[in-house]
Amino acid sequence: MIKKYTFGNPFFTGAVVEDIKADNAVVPYFTVNTQNGISFEYIMHDKDIVYGLGEATRGINKRGYVYDSYCSDDFCHMETTKSLYGAHNFILIEGKECFGAFFDYPTRLTFDIGFTKSDTLSVSAEKADIDLYIVEGNSPLEIVKEFRQLIGKSYIPPRWAMGYMQSRWSYYTSDAVREVANKYRDADIPLDAIFLDIDYMEEYKDFTISKERFGDLPELIDEMKQKGIRLVPIIDAGVKIQDGYDIYEEGLEKGYYCVDKEGKPFSAGVWPGLTHFPDFLNEEAGLWFGLKYKALTDLGIEGFWNDMNEPAIFYSEKGIENFYEKLSEITSGDKSVDNYNKIKDIVNSLQNSQDDYNSIYHNVNGKLVKHNDIHNMYGYKMTECTAKALEKLRPEERTLLFSRASYIGMHRSAGIWTGDNFSWWSHILLELKQLPALNMCGFLYVGADLGGFGCNASRDLVLRWLGLGIFTPLLRNHAALCTRDQECYQFENTEDFKNIIELRYRLLPYLYSEFLKCATEDKMFFKPLGFEYKDDEIARATEDQLFVGDELMIAPVYTQNAIGRYVYLPEEMCAVRLKKGGELKFITMEKGHHFVEVPLNEVVFFIRKDKCIPLANPALSTDAMDFDTLELIGYKNAEYKLYTDDGISTDLSKIEIKNLEN
Ligand code: GLC
């Protein structure tokens, strides 16, 4: 059961698709205080677990820390980081009581989950304009399902987008792209897509193509497609300010950019230098921008990633002015090195500054709205506009689309990747913990930059990251400028990579089927163990294992030099070990704790008791796979319900369910 409680005059975010009338009764569970903005307080019981918050840092259980829901470009995020790229305001409390709460509020919202006072969960916002939805049900899974019905069906990518994908900032020329494709094919490692980062464009101008470096893009797209490889270009939110650049000029003429207080288009520096931000909250402007993707879909492009849409701001024109003023104040008459910290602070304060977010305005149905009041909706609306336009441009086929910034509601249009991370062991575990929380908020097509974006990846880290990544719907290896090359063929013994990535392709009928099931039936693809074993205290406390779909459990290795790891089985399961050469070994393991050895070139996963899963033969790309000839592995006499379709069509009535028996 879902009840809605409205305070003040909330901004319409479109996160919710069901029309629920607000209840005038007193909000259950929370004490509401409207003295200073608004706050909701819940006293947590000892054993309560607080799940949710989508992309936020820290544990599957969010207790013990404070999080700020505010879309932030934080390249170097750590355990202490309070805000990441997405803002996902759904929490689920499981313990003495069991309920979910969605705070539909489009700007900064603070979740203090026992940080200030260990038994107190407090959710607070500056303005008392908020819709609160309380979701009740008999179990966490039931609550998530109800919540997901409230927010609408999740995005389904084309099946090829569940293949292995390679990215890098940047493959600078079309020949560099050819080289990646050839090297993967030479190493016999499956590959379904190569990503084009900002350098495919002319001076980072959206919807342009560098003549010098990608003059043959149309031929390249066809050539790659014949190899079963799609190209996926990036689109950034900011439009470069440059006379003669048609899109810039058109947007200006039509008044489609966000403005400052004086009504002049707001200018900020991002990769292209000074840019204007299209006003995605203005429907007309959003559709205008969305239809520009046609420049690339006309060439045969079938997928995009939307970036820098928090929006990320390196500096603003105003910020630079203030910077020089402050700098001359600091340095006037004093050239001492002691100024170092002060100067560093003013340089750092230029980026993603609150002053800038306070000086941007949107045109929402003719009314000026301050950006900071709706900050978390910018990336969401950009991507929603993209999806709407793509439906017009490619009505028959699903397009791959994912975004960096997001808010609940965007899950209907696209997936997300978890933004810039590092080649750190801790970021493998962070991804694992984000996955179920993202699913609760409707984001099913999710994954992190595999191998890590920032700093240099080691061979063992990439292999271990694959041990998790091969189970994530979005499986993309991506790395930053100036970091070591981390394509699988760059390391010794490429057969180890081939073997693990081939396992992903073998598992695809299962992973894709579970994905379709979760998307069409509002289920979770990744579940914390406690969601299935509510009365098992160890399962509830397990933070480094997940159920993948209804049949599998994973327990990836995420520490350096590990020879394996402890795994907790909440029930008897069949452990499946991928050996060198692709052989699969099966062993039944009892409920309880086990030390499971996992050499670097092996993967171990678990099939739940009395279940089985389908496997296919791997191929170099999903296009080359036979999804009809399947083998079942797992428990004898078990059945599997296979959800399947042609992998591409937007017509979801084509999804079929087949019963398979082992
Ligand atoms: C941002 C993106 C990253 C991309 C880079 C250059 O940092 O998060 O994925 O490679 O911009 O476009």
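Residues numbered from 1 in each chain as written. Predicted model: local features only at pLDDT ≥ 70, side-chain atom pairs only at ≥ 80, totals over all residues. Heavy atoms only, no water.

> Got a minute to help me understand helix H4 (residues 217-226) in this structure?
Side chains that are three or four residues apart share a direction in an α-helix, a result of its 3.6 residues per turn. Along H4, the residues that are buried comprise Leu217, Leu220, Ile221 and Met224. On an axial view of H4, the arc spanned by its buried residues comes to 100°, and they lie on one face. Next to the buried residues of H4 lie helix H2 (174-186), strand E13 (193-196), helix H3 (211-214), strand E14 (230-236) and helix H7 (294-297). Following H4 by one or two positions, Gly228 adopts a phi angle in the positive range, close to 85°. (Buried < 20%, exposed > 50% of the residue type's maximum accessible area, 1.4 Å probe, protein only. Helix = DSSP H or I, 4+ residues; strand = E, 2+ residues; numbered from the N terminus. Arc of directions from axis to C-beta. Contact = heavy atoms within 4.5 Å.)

> Hey, could you run me through the sheet that holds strand E17 (residues 273-276) in this one?
Whether parallel or antiparallel, the strands of a sheet pair through hydrogen bonds between backbone atoms. Read across the open sheet, the four strands follow the order E15-E17-E16-E19; overall the sheet is antiparallel. Every interior strand has two partners, whereas the edge strands, strand E15 (239-240) and strand E19 (315-316), have only one. Taken together, the two bridges between E15 and E17 define a ladder with antiparallel strand orientation. Across the sheet, residue Lys240 finds its bridge partner in E17, namely Thr275. (Pairing = 2+ DSSP bridges.)

> Sorry, what's going on with the packing of aromatic side chains here?
Where two aromatic rings form a pair, the distance of their centres and the angle of their planes describe that pair. The full count for this structure, using the stated rule, is 49 aromatic pairs. Seen from their ring centres, Phe422 and Trp424 are 4.5 Å apart, and the 20° between their planes marks the pair as stacked. Under the relative-accessibility criterion, Trp424 is labelled partly exposed at 25%. Judged by centre distance (5.6 Å) and plane angle (50°), the rings of Tyr510 and Tyr640 are tilted. Within this pair, whereas Tyr510 is found in helix H15 (residues 494-520), its partner Tyr640 is found in strand E38 (residues 639-644), the two being separated by 130 residues in sequence. Taking relative accessible area as the criterion, Tyr510 reaches 0% and is therefore assigned buried. According to the relative accessible area criterion, Tyr640 is buried, its value standing at 1%. The rings of Phe207, Tyr256, Tyr257, Phe277, Phe280, Trp288, Phe289, Tyr293, Phe304 and Tyr378 are connected pair by pair, giving a single aromatic cluster. For Arg58, the ring lying beneath its charged end belongs to Tyr65, and the centroid distance is 3.7 Å. Across the ring face of Tyr380, the terminal group of Lys381 is positioned such that the distance to the ring centre comes to 4.6 Å. (Phe/Tyr/Trp six-rings, centres within 6.5 Å; stacked < 30°, edge-to-face > 60°. Lys NZ or Arg CZ within 6 Å of the ring centre and 35° of its normal.)

> Can you help me understand the site of the ligand in this one?
Among the 13 residues in the neighbourhood of the ligand, the closest are listed as Asp197, Asp307, Arg404, Asp420 and His478. Contact between the ligand and Asp307: an oxygen atom at 3.1 Å from a side-chain N or O atom of the residue. Arg404 has a polar side-chain atom sitting 2.9 Å from an oxygen atom of the ligand. Protein contacts shield 98% of the accessible area of the ligand, which totals 310 Å² for the unbound molecule. (Near = heavy atom within 4 Å. Polar contact = N/O pair within 3.5 Å; in protein donor to acceptor, adjacent residues only side chain to side chain. Areas by Shrake-Rupley, 256 points an atom, 1.4 Å probe, with all protein chains shown as cover.)

> Help me out: how do you make sense of the sheet that holds strand E30 (residues 552-554) in this one?
The sheet built from six strands is open, its strands ordered E28-E29-E30-E35-E32-E33 with antiparallel pairing. Two strands in the sheet have a free side with no partner beyond their single neighbour: strand E28 (526-527) and strand E33 (584-589). Direction of pairing for E28 relative to strand E29 (residues 546-548): antiparallel, over a ladder of two bridges. When the sheet's bridge partners are listed, Phe526 is paired in E29 with Val548.

> How do you make sense of the pattern of salt bridges when you look at a structure like this?
As a working rule, side chains carrying opposite charge can pair if their charged atoms are close by. The tally for this structure, following the rule as stated, stands at 47 salt bridges. In this structure, Glu250 engages Lys254 in a salt bridge whose closest nitrogen and oxygen atoms are separated by 3.8 Å. In this pair, Glu250 and Lys254 are both assigned in helix H5 (residues 246-254), four residues apart and thus about one turn of the helix distant. For Lys254, a relative accessible area of 44% gives the class partly exposed. One salt bridge in this structure joins Lys609 and Asp610, with 3.7 Å as the shortest N-O distance. The partly exposed category is assigned to Lys609, whose relative accessible area is 33%. Connected through shared salt-bridge partners, Glu514, Lys517, Lys527, Glu532, Asp550, Glu571 and Arg608 make up one network. (Salt bridge = Lys/Arg side-chain N within 4 Å of Asp/Glu carboxyl O.)

> I tried to follow the packing of H2 against H4 on my own but got confused; where do I start?
Working note: a packed helix pair is described by the angle between its axes plus the distance between those axes. Taken N-terminus to C-terminus, the directions of H2 and H4 make an angle of 5°; their axes are 11 Å apart at the nearest point. With respect to H4, the axis of H2 lies roughly parallel. In this structure, H2 contributes Ser174, Val177, Arg178 and Ala181 to the contact, and H4 contributes Leu220, Glu223 and Met224. Its residues assigned to classes, the contact of H2 with H4 comprises four nonpolar, one polar and two charged. (Axes fitted to C-alpha atoms, helices over the stretch in contact; angles between N-to-C directions. Parallel < 35°, antiparallel > 145°, perpendicular 65-115°, else oblique. Nonpolar A, V, L, I, M, F, W, Y, C, P; charged D, E, K, R; others polar.)

> Before we go on, may I ask you to explain the environment of Phe491 in this structure?
Mapped onto the fold, Phe491 is located in the loop between strand E27 (475-477) and H15. When the C-alpha positions of Phe491 and Val462 are compared, they lie 9.6 Å apart, and in sequence the two are 29 residues distant. Ignoring any residue separated from it by four or fewer positions in sequence, one finds Phe491 in contact with Ala457, Ser458, Arg459, Val462, Arg484, Asp485, Gln486 and Phe497.

> Teacher, can you tell me more about the environment of Thr57 here?
Along the chain, Thr57 falls in the loop between strand E4 (49-52) and strand E5 (65-69). By relative accessible area, which is 3% here, Thr57 ends up buried. When near neighbours in sequence (up to four residues on either side) are disregarded, Thr57 contacts Lys62, Tyr67, Met78, Glu79, Thr81, Leu84 and Leu430.

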